[in-house]
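Breakdown of the fold
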Amino acid sequence: MNIIGNKYNIIDNEISAIFMDYIANIKPHFCKNGAMMWELVFSKNDLYNQKSHPIYCTTLEDAFNLIEHYSEQIKFDDLMNKLNKDYR
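Cut-offs used in this document
Residues numbered from 1 in each chain as written. Predicted model: local features only at pLDDT ≥ 70, side-chain atom pairs only at ≥ 80, totals over all residues. Heavy atoms only, no water. Phe/Tyr/Trp six-rings, centres within 6.5 Å; stacked < 30°, edge-to-face > 60°. Helix = DSSP H or I, 4+ residues; strand = E, 2+ residues; numbered from the N terminus. Buried < 20%, exposed > 50% of the residue type's maximum accessible area, 1.4 Å probe, protein only. Core = buried A, V, L, I, M, F, W, Y, C linked by side-chain atoms within 4.5 Å. Contact = heavy atoms within 4.5 Å. Arc of directions from axis to C-beta. Polar contact = N/O pair within 3.5 Å; in protein donor to acceptor, adjacent residues only side chain to side chain.

What the rule picks out here adds up to four aromatic pairs. Ring geometry for Phe 19 against Tyr 22: centres 4.9 Å apart, planes inclined by 25°, an arrangement best described as stacked. Consider the rings of Tyr 22 and Phe 42, whose centres lie 6.1 Å apart with planes at 70°: the pair is edge-to-face. Taken as a pair, Tyr 22 in strand S4 (residues 22-30) and Phe 42 in strand S5 (residues 36-44) lie far apart in primary sequence, 20 residues in all. In this pair, the class of Tyr 22 matches that of Phe 42, namely buried. Three or more aromatic residues joined by ring pairs form one cluster here, namely Phe 19, Tyr 22, Phe 42 and Tyr 70.

On to the nonpolar core. Among the nonpolar cores identified, the biggest contains 19 residues, and Leu 40, Phe 42 and Ile 67 are the most heavily contacted of them. For this core, the secondary structure elements donating two or more residues are strand S3 (14-18), S4, S5, strand S6 (55-57), helix H1 (60-70) and helix H2 (76-86). Once residues lying within four places of it in the same chain are set aside, the contact partners of Ile 67 are Tyr 8, Ala 17, Phe 19, Ala 24, Ile 26, Leu 40 and Phe 42.

This brings us to H1. Residues Ala 63, Leu 66, Ile 67 and Tyr 70 constitute the buried set of H1. The buried side chains of H1 occupy one side of the element, clustering within an arc of 100° when seen end-on. Tucked inside the fold, the buried residues of H1 contact strand S2 (8-11), S3, S4, S5, S6 and H2.

A separate point is the side chain of Gln 73. Along the chain, Gln 73 turns up in the loop between H1 and H2. Judged by its relative accessible area of 15%, Gln 73 falls in the buried class. Within polar-contact distance, the side chain of Gln 73 engages the side chain of Glu 72 at 3.5 Å. Filtering out sequence-adjacent residues up to four positions away, Gln 73 remains in contact with Tyr 22, Asp 78, Leu 79 and Lys 82.

And the structure:
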């Protein structure tokens with residue numbers, strides 16, 4: 001199933017949000033104990049495949065809230081600086 005909206009695209013089990021020069025991807029992540037979490041990764045929209053470390057969220061709503069929180073960062077480098085500051 002593919003759903004394409006203004007900002008979010010849903011393809012199979014992955015949700016993507018597209019911004020100026022980066023993409024936020026959310027996908028299910030199954031832990032060793034059988035629990036499921038949502039993995040959020042920001043990646044630069046270029047050929048170099050630069051990515052943030054995964055951020056694990058307990059609910060899909062938490063993942064969307066994080067995307068909205070960081071959406072004020074227009075450039076990928078600014079986003080990475082903010083993420084590094086917040087998750088040290």
